[in-house]
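# Reading the structure
Chain residues, written in single-letter form:
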Amino acid sequence: MSTNTETKKRTNMYENVMREFDKAADAMNLDPGVRKILAATQNEIIVHFPVKMDDGSIEVFTGYRVQHNNALGPYKGGLRYHPTVDIDAARALATWMTWKTALAGLPYGGGKGGIQLDPKKYSQSELERITRRFTYALGENIGPDLDIPAPDVNTNAQIMAWIADTFASTKAPNQRFEAFNVVTGKPVVSGGLEGRDRATGFGVVNSIKKWAEHTGEKVKGKKYIVQGFGNVGYWAAHFMNEEGAILTAVQDHTGTIRNDEGIDVEKLGEHVLQNGGIAGFTGAESVDGAGFFGFDCDICIPAALGNQITTDNAGSIKAKLIAEGANGPTDFAAEEILRDRNIQVIPDILCNGGGVIGSYFEWLQNRRSETWKIEDVLIRLEDLTGRAFDRVVKTADKYSVDWRTAAYIVALERLEQTYKERGVFP
Ligand code: GLU
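What this report covers is the structure whose coordinates are included nearby. (Residues numbered from 1 in each chain as written. Predicted model: local features only at pLDDT ≥ 70, side-chain atom pairs only at ≥ 80, totals over all residues. Heavy atoms only, no water.)

Here we come to the site of the ligand. Within the structure, the ligand sits among 14 residues, and Lys-76, Lys-100, Lys-112, Asp-152 and Ser-359 are positioned closest to it. Side-chain polar atom of Lys-76 to an oxygen atom of the ligand: 2.8 Å apart, as the coordinates give it. Contact between the ligand and Ser-359: an oxygen atom at 2.5 Å from a side-chain N or O atom of the residue. Look at the ligand: alone it shows 290 Å² of surface, and the protein chains cover 94% of it. Elements represented by at least two residues in the shell around the ligand include exactly β3 (75-81), α3 (87-104), β5 (147-151) and α12 (354-367). In the shell around the ligand, the residues fall into four nonpolar, five polar and five charged. (Near = heavy atom within 4 Å. Polar contact = N/O pair within 3.5 Å; in protein donor to acceptor, adjacent residues only side chain to side chain. Areas by Shrake-Rupley, 256 points an atom, 1.4 Å probe, with all protein chains shown as cover. Helix = DSSP H or I, 4+ residues; strand = E, 2+ residues; numbered from the N terminus. Nonpolar A, V, L, I, M, F, W, Y, C, P; charged D, E, K, R; others polar.)

Printed below as a string of structure tokens:
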């Protein structure tokens, strides 16, 4: 990939979110002052911090945390460890989080960040030291009532446990337990929520079920393809399987596999856990991935990175539904092509909102010193993700707009109202 393409892709992500924002703001006639406020990020933190490597050498890493808006509550959103993380990506992803939490009706704002690195290149002990030094460098910029990170691409419960431990270790003894609530997505024994691991995938499938209900379709027997088989992709496939849908192709950073008769989701999940990717899985044929989005299927679930569905491939898509498990997988121009072709999109801020809703339950559980049962978690997740879906469909009808624009309008109306009620200090 040339440097030019990389730069273009990175720029597109922030451009994308702003074009989506402008479209919705125009459609709803958003208050001009509020529009100016929401068009900017509130805080952008960039830290450079040293870490001792296993061989004794020192490396300096760069970490980001962008806090887009906190009008509705503390900044909330994941930390990702990936070579594509930079200030532009963090801005875009933080902005999406503001819309996502507002749409879900949560008492949160939006933030996002991470470190620009490829975690595969580091040992576990290096990743632990990188994570702890990053947390230390962020210092008082995060906190249970200020900014609450969570897992995202290539980060997991173990990384959240290291962040919680580091953050709490810098506090006075009587503040340590409260300080553990600085992150969600922790391991269950360390205060995590049972079911947080599957919350995003569960929400994706609940949205697909709502789509089916809305359009008179059936999920059972539908063929679907998934890009990305990490936490979101695997759990989405797991719940699609429970609905009787058939997984026919998967693509990830290690390759593309296809089996029109159906891929065994649980066996593939096991294989990925053991091998770090789908390559080498024997239950499907390894194929050329260039035309992945054009593969024959009914439903497509992009659950990897942003900017995957572009004007290059939108014209070849066979699916009638795209359920965005990832953040920003469809670019603005591609979406116009999809609309002309009558391909429905469940937008990211609605479709993958189950993750941050699960995080909210974890935060509540921690603050109330409770332990929630997984059955209750899933019932409440189904309720909140379902209600957000209904609000979007209703708003799409009211304004005669697509579901993405409607999802933005629901979020922006809430933000606009709170700014109107409270005013702008002084
Ligand atoms: N990283 C997830 C997202 O993009 C979850 C964020 C959270 O739970 O705070 O929605």
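There is more to say, and it comes next.
This part takes up helix α13 (residues 374-399). For α13, spanning 26 residues, the distance from its first C-alpha to its last is 37 Å, which sits close to the expected 38 Å at 1.5 Å a residue. Positioned one or two residues after α13, Ser-400 has a phi angle of 50 degrees, which is positive. (Expected span 1.5 Å × (residues − 1).)

Applying the stated criterion to the full structure yields two cavities of 30 Å³ or more. Taken as a whole, the largest cavity spans an internal volume of roughly 70 Å³. Along the walls of the largest cavity sit Glu-20, Lys-23, Phe-332, Glu-335, Glu-336, Arg-339, Asp-402, Arg-404, Thr-405 and Tyr-408, which together make up its complete lining. Of all the secondary structure elements, the ones that give two or more residues to the lining of the largest cavity are α1 (3-28), α10 (332-340) and α14 (403-422). By residue class, the composition of the lining of the largest cavity is two nonpolar, one polar and seven charged. In terms of lining residues, the second largest cavity is bounded by Leu-103, Ala-104, Ile-349, Leu-350, Gly-353, Gly-354, Ile-357, Thr-385 and Ala-388. Mapped by element, the contributors of at least two residues to the lining of the second largest cavity are α3, α11 (348-351), α12 and α13. (1 Å grid on protein atoms, 1.4 Å probe; cavity = no way out; pocket = protein on both sides within 12 Å on 5 of 7 lines; lining within 4 Å. Points joined across faces, edges and corners; volume = space filled by probe spheres on them.)

With that out of the way, let us pick up the packing of aromatic side chains. Two aromatic rings, taken as a pair, are described by how far apart their centres are and by the angle between their planes. Taken as a whole and assessed by the stated rule, the structure comprises 18 aromatic pairs. With a centroid separation of 6.1 Å and 45 degrees between ring planes, the pair formed by Tyr-360 and Phe-361 is classed as tilted. The pair Tyr-360 / Phe-361 is uniform in exposure class, with both members buried. Both rings, one in Phe-361 and one in Trp-372, keep their centres 5.4 Å apart while their planes meet at 35 degrees; by these two values the pair is tilted. Taken together, the residues Phe-361 in helix α12 and Trp-372 in the loop between α12 and α13 connect sequence positions eleven residues apart. Judged by its relative accessible area of 1%, Phe-361 is buried. (Phe/Tyr/Trp six-rings, centres within 6.5 Å; stacked < 30°, edge-to-face > 60°. Buried < 20%, exposed > 50% of the residue type's maximum accessible area, 1.4 Å probe, protein only.)

Quick look at the layout of surface pockets now. Considered as a void within the structure, the second largest pocket measures approximately 160 Å³ in volume. Glu-335, Leu-338, Arg-339, Asn-342, Ile-343, Gln-344, Val-345, Asp-402, Trp-403 and Arg-404 are the residues that line the second largest pocket. Broken down by secondary-structure element, the contributors of at least two residues to the lining of the second largest pocket are α10, β12 (344-346) and α14. With three residues, α10 is the largest single contributor of residues to the lining of the second largest pocket. Split into classes, the residues belonging to the lining of the second largest pocket amount to four nonpolar, two polar and four charged.

Further remarks concern the sheet that holds strand β7 (residues 246-252). Strands belonging to one sheet form pairs held by backbone hydrogen bonds; the direction of such a pair is parallel or antiparallel. Read from one edge of the open sheet, seven strands run β9-β8-β7-β6-β10-β11-β12, paired in mixed fashion. The outermost strands of the open sheet, each flanked by one partner alone, are β9 (285-286) and β12. In terms of strand pairing, strand β6 (residues 223-227) meets strand β10 (residues 299-302) through four bridges, oriented parallel. Considered in β10, the bridge of Tyr-224 is made with Ile-299. Relative to β6, helix α8 (residues 231-242) is tilted by about 170 degrees, and along the sheet it contacts β6, β7 and β10. (Pairing = 2+ DSSP bridges. Contact = heavy atoms within 4.5 Å. Axes fitted to C-alpha atoms, helices over the stretch in contact; angles between N-to-C directions.)

Another point: the nonpolar core. Trp-99, Ile-208, Tyr-224, Phe-229, Ile-301 and Ile-346 are the most contacted members of the largest nonpolar core, which totals 91 residues. Discounting chain neighbours no more than four positions away, the residues touching Phe-229 are Tyr-234, Ala-237, Leu-247, Val-250, Asp-252, Val-265, Leu-268, Gly-269, Val-272 and Ile-278. Counting 25 residues, the second largest nonpolar core, distinct from the first, contains Ile-45, Val-51, Ile-159 and Ile-163. (Core = buried A, V, L, I, M, F, W, Y, C linked by side-chain atoms within 4.5 Å.)

Should the charged atoms of two oppositely charged side chains come close, the side chains can pair. Under the criterion given, the structure shown has 31 salt bridges. Residues Glu-335 and Arg-404 are paired through a salt bridge, measuring 2.6 Å at the closest nitrogen-oxygen approach. With Glu-335 in helix α10 and Arg-404 in helix α14, the pair connects residues that are 69 residues apart, well separated along the chain. Just as Glu-335 is buried, Arg-404 falls in that class too. The residue Arg-339 makes a salt bridge to Asp-402 at a minimum N-O spacing of 3.5 Å. (Salt bridge = Lys/Arg side-chain N within 4 Å of Asp/Glu carboxyl O.)

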